[in-house]
2 protein chains.
Amino acid sequence: MNEALPIHCVALSGGVGGAKLALGLSRVLPGDALTVVCNTADDFDHLGLRICPDLDTVMYTLAGISNRVTGWGQAHETWSFLEALSHLGGETWFRLGDRDLATHVERSRWLRAGETLTEATDALCRALGIAARVLPMSDDPVRTIVLTETGELSFQHYFVRDACEPAVSGFRFDGIDTARPQAAFLSALEDQATRAILVCPSNPFVSVDPVLALDGVEEALRRAAAPVVAVSPIIGGAAIKGPAAKMMAELGMPVTAAGVARHYQERDLLDGFVIDDADAGQAAEIEDLGVPTLVTGTVMETLADRERLAGETMDFARGLGARCGDRAGTSPPERFA
Amino acid sequence: MNEALPIHCVALSGGVGGAKLALGLSRVLPGDALTVVCNTADDFDHLGLRICPDLDTVMYTLAGISNRVTGWGQAHETWSFLEALSHLGGETWFRLGDRDLATHVERSRWLRAGETLTEATDALCRALGIAARVLPMSDDPVRTIVLTETGELSFQHYFVRDACEPAVSGFRFDGIDTARPQAAFLSALEDQATRAILVCPSNPFVSVDPVLALDGVEEALRRAAAPVVAVSPIIGGAAIKGPAAKMMAELGMPVTAAGVARHYQERDLLDGFVIDDADAGQAAEIEDLGVPTLVTGTVMETLADRERLAGETMDFARGLGARCGDRAGTSPPERFA
């Protein structure tokens, strides 16, 4: 299968679901053929430390040290720091494990010393032995604000402290107007070596949309020679993890894979969509949006699941890529700008 | 014994030895009758965190959570953070335990938010249920530089990283010229309620001298109505812990309790000195310096040892206080300024 794979893939990822697919991709692609661009609008400063939940989940997953029970943090974690912090009356709603803390302390130290988040992430990835390139979507701060029935909440307050309970009415990405997408991210989208751009099965609203909302990203996706393929985070009307389904319902959207496809295709972003066998009935609806659809098993429980879905999605993209090439033939300046 | 005790004591302390006596004092004095002033010239910034080894040792000891095996850090400590940090290629020469880390993270956060070290220390002490008042010697940074045969070393590099191996030729306290002694420290020395000023059995050069070197402290000690009593950190020609004896030898001083007494009395600071039974033979030499000397057991292995030495030292100071009063009668402006 590897011989037939496209030679470079850019994957846009949030946390858990995205990290699972990224791990699969990292195992079916050569080490230097994968760029994972992570949402950083969940990042926040806590206890004087810069915490980047999506970057960390992706890094820990690619490094094989993620905690697969919780979906966040490290395996074999201990909690002495948090116990002692609690004893001191400190804020313990955000669960910082002792091992995890080393990441935040080192990153925060580097950032204070003037390094960019990209540089700090690169150093962490090298230390963790990660072959793939992991990029923050931007070196500039973007912060998701969740608009809820009880008022505006910072993302981590909504997500962790309040356990996603308040009903959402929308989102705002503070800083998005001035944040520049990471330069290597934009150039990877445009790189002729890039043969697939994947939107991982991550939360469309708070994991993927912040990446898309960065200046120039949507245009770059529409202009890219490589096909853009998203994998649905909604399976059988529910999200495997996280509040995506709850958010869709609260926003008045159908809680379906097709609803996710429409969410992206309203902006003319998709060249392909991947849905689970459980949602095969929605394939026609999605194709009607003009989006070729792959129906396969998308639940990633085992490592083999991750590898298989990654391989199938890359093969699917490769087939679409040929079509993009065909279309590009009629409009080269637009497709190969 | 308690009824006869002086009503307020100010103890100048470094780390381990000082903390042991401070614990004894905290148990023989009413909670609000003890002020422990800690050396902060060992403090340093590491991994973006402010670390205050002497303050921490005193706080952990008074709170009953100190690690009595290592002499620093907390009991029941775990080391996952440092393991993970090592994995990331971070600096691990300074042993930061997971529980200990909570102290540094909280303190650093407060300092960055504009609180003083005094305020941060007070908050930590309240959280840890410490009744005594624990004060940093100053809210301004003072940093001990150890002058050695191999050049100048910051204190923690000398003490921890290089394990006190380089021979010392002297010390410099960077920042001492502009640092102000903590205001409550100076006023406690002058307070009429203070009936004893104790110099704990701490390293004379790097734990006590920085406190004494602060502007106005030596004058305040000489002027204080309360007697100044030091407890020798040298017993039988050796220090219980730390490099005091090694330093004395390298500086060409006799490695004796009398050598310590002379070190302080050259500056006319002492009203009394406490030495161990093992050094009873030096009592006459110390008395010849004009310093009344108490000979007793000063090795503090058990909690009972700490309480007994604290009680005996306070009783000794109380007797000296009466004499100070007598002397004061002949020179009130000098003793009761």
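Worth saying up front: this structure is predicted, and the values here are computed from it rather than measured.

*Asks:* What's the story with the sheet that holds strand 2 (residues 34–38) of chain A in this structure? I'm lost.
*Replies:* Backbone-to-backbone hydrogen bonds join strands into a sheet, with any given pair of strands oriented parallel or antiparallel. Residue and element names in this part refer to chain A. Taken in spatial order, the seven strands line up as 5-2-1-9-10-13-14 in an open sheet, and their pairing is parallel. Pairing within the sheet leaves two strands with one partner each, and these edge strands are strand 5 (133–136) and strand 14 (293–296). In this sheet, neighbouring strand axes are inclined to one another by 20 degrees on average, regardless of whether the strands run parallel or antiparallel. By the bridge criterion, three bridges tie strand 10 (residues 228–231) to strand 13 (residues 272–276) in an arrangement that is parallel. Counterpart to Val231 in the pairing with strand 13 is Val274. In the packing of helix 11 (residues 257–265) onto the sheet, the strands contacted are strand 9 (196–199), strand 10 and strand 13, and the crossing angle to strand 13 comes to about 165 degrees.

*Asks:* Quick question: what am I supposed to make of the packing of helix 4 (residues 98–112) of chain B against helix 5 (residues 117–127) of chain B here?
*Replies:* The geometry of a pair of packed helices is captured by two quantities: the angle between their axes and the separation between those axes. All names here are of chain B. In the contact formed by helix 4 and helix 5, the axes pass within 9 Å of each other and the chain directions differ by 140 degrees. By the angle between their axes, helix 4 is oblique relative to helix 5. For the pair helix 4 and helix 5, the sense of crossing is right-handed. Along its contact with helix 4, which presents Thr103, Arg107, Trp110 and Leu111, the element helix 5 presents Leu117, Ala120, Ala123 and Leu124. Looking at the contact of helix 4 with helix 5 residue by residue, the classes come out as six nonpolar, one polar and one charged.

*Asks:* Mind showing me how you'd approach the pairing of strand 2 of chain A here?
*Replies:* Side chains on a regular strand alternate between the two faces of the sheet. Residue and element names in this part refer to chain A. Within strand 2, five of the five residues are buried, which leaves it mostly tucked inside the rest of the structure. Taking every second residue as pointing to the same face, both faces of strand 2 are buried, with Leu34, Val36 and Cys38 on one and Thr35 and Val37 on the other. Note that the unit made of strand 1 (residues 9–13), helix 1 (residues 16–28) and strand 2 has a crossover that is right-handed. Bridge count between strand 2 and strand 5: four bridges; the pairing is parallel. Its bridge partner lying in strand 5, Val37 is registered against Leu135.

*Asks:* Hey, could you run me through the pattern of salt bridges in this one?
*Replies:* Charged atoms that come close allow side chains of opposite charge to pair. Residues and elements named next belong to chain B. Under the definition given, this model contains 34 salt bridges over all chains. Residue Glu106 pairs with Arg109 through a salt bridge whose shortest N-O separation is 2.9 Å. Highlighted residues: Glu106 and Arg109, both in helix 4, separated by three residues, approximately one helical turn. What makes Arg109 partly exposed here is its relative accessible area of 23%.

Rules of the game
Residues numbered from 1 in each chain as written. Chains lettered and ligands numbered in written order. Predicted model: local features only at pLDDT ≥ 70, side-chain atom pairs only at ≥ 80, totals over all residues. Heavy atoms only, no water. Pairing = 2+ DSSP bridges. Helix = DSSP H or I, 4+ residues; strand = E, 2+ residues; numbered from the N terminus. Axes fitted to C-alpha atoms, helices over the stretch in contact; angles between N-to-C directions. Contact = heavy atoms within 4.5 Å. Parallel < 35°, antiparallel > 145°, perpendicular 65-115°, else oblique. Left-handed = near helix turned anticlockwise from the far one by under 90°. Nonpolar A, V, L, I, M, F, W, Y, C, P; charged D, E, K, R; others polar. Buried < 20%, exposed > 50% of the residue type's maximum accessible area, 1.4 Å probe, protein only. Right-handed = clockwise from strand over helix to strand, strands pointing away. Salt bridge = Lys/Arg side-chain N within 4 Å of Asp/Glu carboxyl O.

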